[in-house]
Structures are given as structure tokens and as C-alpha cells.
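# Structural characterization, general
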Amino acid sequence: GKMEIKTSRIVILILVVVIPAILIFRNPINLGLDLRGGTSVVLEAQEEDGKKLQPDTMDKVREIVQRRVDGLGVSEPVIQKSGENRLIVELAGVKDAQEAIDLIGTTAKLEFKIKTGDNSYGPTVLDGSAIKNAYVQQDQFGKPMIGFELNDEGAVKFAEITRTNMGKQLAIMLDGKEQSAPVIQSEIPGGKGSISGSFTYESAQNLANLLKAGALPVNIQIMETRSVDASLGAESIKATKMAAMIALVLVSLFMLAVYRVAGFVADLALCVFGILTAGLMCAIGTTLTLPGIAGFILSLGMAVDANVIIFERIKDEIMEGKRFQDCIDDGFNRAFPAILDGNITTLLITMVLFFFGTGPVRGFAVILTIGVLVSMFTAIFITKIIVKIFVNIFHLNGEKLFGLKGVE
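Thresholds applied
Residues numbered from 1 in each chain as written. Predicted model: local features only at pLDDT ≥ 70, side-chain atom pairs only at ≥ 80, totals over all residues. Heavy atoms only, no water. Core = buried A, V, L, I, M, F, W, Y, C linked by side-chain atoms within 4.5 Å. Buried < 20%, exposed > 50% of the residue type's maximum accessible area, 1.4 Å probe, protein only. Helix = DSSP H or I, 4+ residues; strand = E, 2+ residues; numbered from the N terminus. Contact = heavy atoms within 4.5 Å. Salt bridge = Lys/Arg side-chain N within 4 Å of Asp/Glu carboxyl O. Axes fitted to C-alpha atoms, helices over the stretch in contact; angles between N-to-C directions. Left-handed = near helix turned anticlockwise from the far one by under 90°. Nonpolar A, V, L, I, M, F, W, Y, C, P; charged D, E, K, R; others polar.

### Description of the nonpolar core
With 46 residues, the main nonpolar core has Ile310, Phe311, Ile314, Ile328, Leu401 and Phe402 as its most contacted residues. Taken together, the elements giving at least two residues each to this core come down to helix H1 (7-26), helix H7 (230-284), helix H8 (290-319), helix H9 (324-356), helix H10 (359-394) and helix H11 (398-402). Sorting elements by how many residues they give to this core places H10 first, with 12 residues. With residues up to four places along the chain from it excluded, the contact list for Leu401 reads Tyr259, Arg260, Val261, Ala262, Phe324, Ile328, Val387 and Leu396. Membership of the second largest hydrophobic core comes to 22 residues, among which are Leu110, Phe112, Leu126 and Leu170.

Pasting the structure below:
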């Protein structure tokens with residue numbers, strides 16, 4: 001007989017397929033370092049003269065490195081703390097590792113000092129913390145130089161320094177090296193100035209980025225650099241795609257062999273599961289890594305598992321000789337607690353992995369979490385709608401749906 005399906009449910013089914021498909025098309029999934037190639041750098045903050053690192057030092061370092069990386073224009077960088085004094089920076093798609101390292105690892109301590117002799121300077125009269133903005137300009141000969149703008153306090157101080165030191169050279173130092181030392185001709189109000197030197201456009205742009213992002217509060221040492229070739233990533237993607245396809249085909253064939261028409265319904269629900277999971281990953285901007293793909297395949301297995309539980313419950317109900325319509329509703333209702341329990345335990349594990357793991361492990365946890373939540377939704381909600389649509393269109397009963405013998 002006919003089964004009642006609410007129109008709203010069919011509308012939800014259509015939206016659940018169409019919206020993620022649009023999302024996937026509009027902004028494709030970001031690939032991580034191991035799939036796209038790029039550069040990974042491990043930075044370590046050095047303790048100075050036996051002074052312990054302050055608890056918030058690494059947060060400041062992370063913030064400054066983040067601003068510098070934004071200046072590089074890297075999409076989806078991964079910057080995270082590791083232990084007490086390390087920072088892991090992953091830049092997917094960055095081919096010029098050296099440029100990235102120079103930019104990330106430079107302390108960029110800017111100081112203004114009055115020059116007292118050939119290689120001698122007075123104390124620091126102003127430092128880089130007073131800089132509000134920095135940008136590349138051109139001098140009168142068209143050569144690149146760096147213009148800077150000071151904050152209000154810095155501007156007042158700069159005016160005073162230039163007023164009281166006319167005729168002297170103001171040395172502009174970066175990490176202890178003199179960049180330029182112009183003679184102070186007159187008081188400079190307004191807090192604007194420039195740094196000239198033998199800059200190329202790139203080096204001027206990099207220095208402007210560094211000055212804008214601010215100096216690192218401690219000395220940083222580069223402990224490890226790893227360049228990942230994009231072709232390695234391409235190989236990984238190929239191998240993983242292959243594994244995923246084989247897994248999908250085997251699972252689909254298994255479901256068809258064991259559950260007949262219901263197995264086909266489960267396969268359709270799995271397609272919806274795949275589209276919905278990918279759509280969600282696009283929506284929240286998840287970066288996909290190799291462990292992430294493993295997480296997706298694992299959650300696919302859990303989605304199948306949920307369908308198996310549901311179908312077994314429905315078969316139990318049919319065997320008890322209940323009315324077919326009731327069997328389907330009761331089967332889903334009875335399967336729900338078992339599915340929920342299984343998934344909650346997995347979610348607890350993914351939370352532990354996320355909060356205590358580093359980069360790749362967290363990527364795995366995020367994608368497995370999305371997959372588990374989506375698998376619950378598709379098993380309980382989507383599979384039910386598709387089963388009812390099939391029963392209505394093809395006038396199925398227990399025998400036809402599952403290939404059960406001698407059951408109406």
C-alpha cells in the first residue's frame with residue numbers, strides 16, 4: 001500500500017542535495033600541505049639570558065607570524081603552537097621556501113638611534129612598536145623605498161627627536177643592522193617618514209610587511225623546514241581516490257547483495273552522505289589532508305553500519321508479521337538508540353583527538369566529526385524518506401524490498 005510522506009520531507013531531501021552541490025561548485029575544498037605541496041616550518045622561541053618565556057609570549061609570536069603570513073598572501077595557512085615554545089607553520093602552495101622562512105623567522109626589531117660616529121650609535125630613541133603602517137614608495141629617481149606612519153604617541157616623540165637633533169644622522173636599524181642614516185634637516189611633524197636603501201621592489205615589500213606585522217618579542221630559531229613537492233601530493237590523491245573508489249564499490253555491492261532493493265536505497269543515501277559531508281567541509285572552510293580523507297572513509301563505514309542496523313531492525317519487525325507500513329517506522333525508531341550510542345562514543349574520541357592532537361590529527365578529527373554527524377542524519381532521516389519514496393513508486397512489500405521469502 002501507499003505510504004504517507006510529508007511534502008516538507010521531500011523538499012528537505014532536495015535541498016540537502018542541491019545546497020551542498022552548489023557550495024562544492026562555488027568554493028571547492030581547500031587541500032592541505034600534504035596534498036597540494038608547500039612548505040612547513042617549525043619555529044622555536046629562544047630564552048634570553050636565563051629569563052623564562054612569559055606564558056603569553058608564544059601567543060604574541062603566533063599573532064605576529066599570522067600577520068606576516070597574511071602579508072605573503074597564502075590561502076589557508078596552518079599556524080599552531082606546539083608545546084611550550086614551538087610554533088608549526090604550514091604554508092600550502094608556497095614554492096619559494098626560503099622567502100617564506102626569511103619572512104617568518106626574522107625578528108624584525110626596528111630601532112631609531114642617533115649616530116655618534118662611524119659605527120657607533122646612541123641609545124634607542126624610538127622603536128618599531130610605534131609604527132602604525134608601512135608601505136612601498138618610490139624616491140625621486142623611481143627607486144623603491146619604504147614609507148612609514150607612526151601612531152600618535154610615536155609621532156609626538158619623532159617630532160621631538162628630529163627637533164632636538166638637527167644636523168645629526170638618524171640611523172634606522174633593523175635587527176641591529178643599519179639600513180639608512182639620513183641627516184636630520186628639520187623637525188618632522190605628522191609622524192611620517194621613509195627608509196631608503198638599496199631595496200628591490202620585493203625586498204622593500206617584505207620589509208614593509210615585517211614592519212606592519214611588528215617585531216617578534218623574542219629571538220626565533222628555525223628548527224626544521226620541510227618542503228613537500230606537489231607531485232607527491234598528486235600521487236597521494238591518486239592512491240587515496242583509488243582506495244576510496246574501491247571501498248565505495250565494495251560497500252555498494254555488499255549492500256545490494258545482502259539487502260536487495262533496500263541495499264540500493266542505502267547506496268543512494270550514501271551518495272547523499274558524500275555530497276552533504278563535502279558541502280559542509282566547503283561551508284566551514286575545512287582544509288583537507290591525507291588523514292582527513294582517512295577520516296572521511298571511516299565515517300563512510302559508520303554510515304553503512306547505521307543502515308545495516310536499521311535494515312536488520314525492519315526485517316525483525318517484518319518477521320513478527322506486523323503491518324508493512326508500521327514495520328518501517330518501528331524499525332527506524334528501534335535502530336535509533338543503537339546508532340546514537342555508537343556515534344556518541346566515536347564523537348567523544350574525536351573531541352579528545354581535536355583538543356590534544358596537532359595538525360594532521362586535528363584534521364582527521366574534524367572531518368571524522370563532520371562525517372559522523374552527517375552519517376547519523378542521513379541514516380535516520382534521508383534513508384527513511386528514500387525508502388518510503390521507493391515503496392510508493394514501486395509498490396514494494398517486505399518480500400520485494402529485502403528479497404525475503406514467504407513474507408508479504
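Having seen the structure, we can now continue with the description.
### A word on the pattern of salt bridges
A full pass over the atoms with the stated rule returns 13 salt bridges. Between Lys322 and Glu317 there is a salt bridge; the shortest N-O distance is 2.6 Å. Residue classification places Lys322 among the partly exposed residues on the basis of a relative accessible area of 39%. A cluster of three or more residues bridged by salt bridges with shared partners is formed by Glu317, Lys322, Asp330 and Arg334.

### Considerations on the packing of helix H3 (residues 57-72) against helix H4 (residues 97-105)
The contact between H3 and H4 brings their axes to 9 Å, and the two run at 145 degrees. Regarding H3 and H4, the two cross each other, and that crossing is right-handed. Across from Val65, Arg68, Val69 and Leu72 in H3, the residues of H4 making contact are Glu99, Ala100, Leu103, Ile104 and Gly105. Among the residues forming the contact of H3 with H4, the class breakdown is 6 nonpolar, 1 polar and 2 charged.

### A closer look at the environment of Ala21
Of note, Ala21 is situated in helix H1. Separated by 281 residues in sequence, Ala21 and Met302 have C-alpha atoms that sit 22 Å apart.

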